[in-house]
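# Coordinate analysis (summary)
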Number of protein chains: 2
Amino acid sequence: MDESDSKMSTTEKLLNAAEHRMRRGGYNAVSFRDLANDTNIKSSSVHYHYPKKEDLGTALVDRYSKRFFDTLNVKTENATTMEQKLKVYQSIIRSALVEDDAICLCGLLGAEGAGIPDVVANGVQNFFDENIKWLVSILPQEMSESQKSSMASTLLAGHQGAMMLARSMQDNKIFDTITNQLIKEAI
Amino acid sequence: MDESDSKMSTTEKLLNAAEHRMRRGGYNAVSFRDLANDTNIKSSSVHYHYPKKEDLGTALVDRYSKRFFDTLNVKTENATTMEQKLKVYQSIIRSALVEDDAICLCGLLGAEGAGIPDVVANGVQNFFDENIKWLVSILPQEMSESQKSSMASTLLAGHQGAMMLARSMQDNKIFDTITNQLIKEAI
DNA sequence: GTCTATAATTTGATAGAC
DNA sequence: GTCTATCAAATTATAGAC
């Protein structure tokens, strides 16, 4: 995963450390000093890369968003049916939960919405907008726009809620249970 | 709602102020000084009522949990069908979103799970356990235990995700869309 | 129960040398 | 790009008077 650390640029290391902390404890669970220790530099050097905390926050959301949709596009390249595409969607989010041992960055920041800088909250909103657009795009044409829209929102909310629940109850199986149920109902 | 403030005990005022702040920005968005200002006392007096922050956190989760299930029990007293009971469940959560202009306390704290004291996280887990138990209890007997369990988790995750999404996208209508869809699929 | 006073720590942030 | 040095503000918390 981390290329034994040495090849990585400082910003990469910083973003990785910050993402891990933020996806586990939220926006305020990340401090410049912690990141400095994580990356073996001083906190003033962290400020060189991200002058204000909201700069770091927006960079994190942007990278997270881009990576998510890039992965989604690559992994659905050879998927033909809606079910196949939904399974890819599910598996990417599942990896984020299980392998990173954390929830979705935007799910957590979205929940904290009133306590984070507006510019970061805007990035979060954009992430969810794009999620819904993608989900709508894979739903069958015979569904009405309004049906597709409500199905897409339900799938998104369900996956986000499933991550939160799995972490709260310390049971990743519940994520599979919920998302399998959602996909079954969508097909 | 607040009885023009004068009748309320200090702990009541403190819990109300803290709940409002925590349900909007998370655990770390609540400080003793803010609560002191909100209630017109000094921060040291807040510590008299809640010596440590985790004491406040557990009191908040306990009160929130108790109030939720008390309301649920009262409002489903005369409900006979599963659909009626689910509509009550939906409407209570909807009020929490719309009237309080905030998400579920436990939904937010659950997301922040790795960044809050264990004792608070345990209260959150308990809240969700009880949610699932209640939902399972209203589902039809003809469903298998495993079907009921997965349906209950899906309804819970969907309602929590719907609150988070509604706040992130600043659109409460999406909460209704999602939860109506979920209930339709459950019936 | 509330106050004043205070302490220890953390946090976001800046100035300036190398 | 990173460091030392530093800061002002915020935060959790305690001691003791009233």
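Residues numbered from 1 in each chain as written. Chains lettered and ligands numbered in written order. Predicted model: local features only at pLDDT ≥ 70, side-chain atom pairs only at ≥ 80, totals over all residues. Heavy atoms only, no water.

### Description of the protein's contact with DNA strand C
Which entries qualify depends on this criterion: The nearness test applies per residue and asks whether one of its heavy atoms lies within 4 Å of the molecule or strand. Throughout this description, a polar contact denotes any pair of N or O atoms lying within 3.5 Å of each other; where both atoms belong to protein, one of them has to be capable of donating a hydrogen while the other can accept it, and for residues adjacent in sequence the pair is counted only when both atoms sit in side chains. In this description a helix means any DSSP run of H or I spanning at least four residues, a strand means any run of E spanning at least two, and both kinds are numbered starting from the N terminus. For this classification, the nonpolar set comprises Ala, Val, Leu, Ile, Met, Phe, Trp, Tyr, Cys and Pro, the charged set comprises Asp, Glu, Lys and Arg, and every other residue, Gly included, is treated as polar.
Neighbouring DNA strand C are 16 residues, the closest being A:H47, A:K53, B:K42, B:S44 and B:H49. Within 4 Å of the protein, atoms of DNA strand C come from sugar and phosphate in 50% of cases. For DNA strand C, a phosphate oxygen lies 3.4 Å from a polar atom in the backbone of A:V30. Here a phosphate oxygen of DNA strand C sits 2.9 Å away from a polar atom, N or O, in the side chain of B:T10. At 4 residues, the largest contribution of residues to the surface near DNA strand C is made by helix α3 (residues 43-49) of chain B. Looking at side-chain class alone, the surface near DNA strand C contains 4 nonpolar, 8 polar and 4 charged residues.

### A short note on helix α9 (residues 173-186) of chain B
Let me state the cut-off plainly: Between the first and last residue of a helix there are one fewer steps than residues, each counted as 1.5 Å, and that sum is the expected span. Partly exposed residues are those whose accessible area sits between 20% and 50% of the maximum for their type, while under 20% is buried and over 50% is exposed, using a 1.4 Å probe and protein chains only. The criterion used for residue contact is that any of the two residues' heavy atoms lie within 4.5 Å.
Across its 14 residues, α9(B) extends 20 Å between first and last C-alpha, which sits within 8% of the 20 Å expected from 1.5 Å per residue. Of all 14 residues in α9(B), 10 are buried, a share of seventy percent or more. Looking at the buried side of α9(B), the elements it contacts are α7 (118-138), α8 (145-168) and α9 (173-186) of chain A together with α5 (82-98) and α8 (145-168) of chain B.

### Quick word on the interface of chain A and chain B
Interface extent is often summarised as the accessible area lost during association of the parts. Using the following cut-off: A 1.4 Å probe defines the accessible area here, and the buried area is the portion of it lost by two parts on being joined, summed over both. We count a salt bridge whenever a side-chain nitrogen from Lys or Arg sits within 4 Å of a carboxyl oxygen from Asp or Glu.
At the interface, 40 residues of chain A touch 40 residues of chain B. A buried area of about 3100 Å², summed over both sides, lies between chain A and chain B, and 66% of it is on carbon and sulfur atoms. Of all residues in chain A, the largest losses of buried area upon contact with chain B belong to A:A111, A:M164 and A:M169, amounting jointly to 16% of the total for that side. At the junction of chain A with chain B, the criterion picks out 0 salt bridges. Looking at the side of chain A that touches chain B, the elements with two or more residues in it are α1 (10-25), α6 (105-111), α7, α8 and α9 of chain A. No other element matches α8(A), which puts 14 residues into the side of chain A that touches chain B. A class-by-class count of the residues in the side of chain A that touches chain B yields 18 nonpolar, 17 polar and 5 charged.

### So, the environment of A:R23
Residues and elements named next belong to chain A. In this fold, R23 is placed in helix α1. Here the alpha-carbon distance between R23 and Y89, two residues 66 residues apart in the chain, equals 19 Å. Sequence-distant contacts of R23, defined by excluding residues within four places in its chain, comprise Y64, R67, A96, D100, A102, I103, C104, L105 and L108. One polar contact links R23 to E19, side chain to side chain, over a distance of 2.8 Å.

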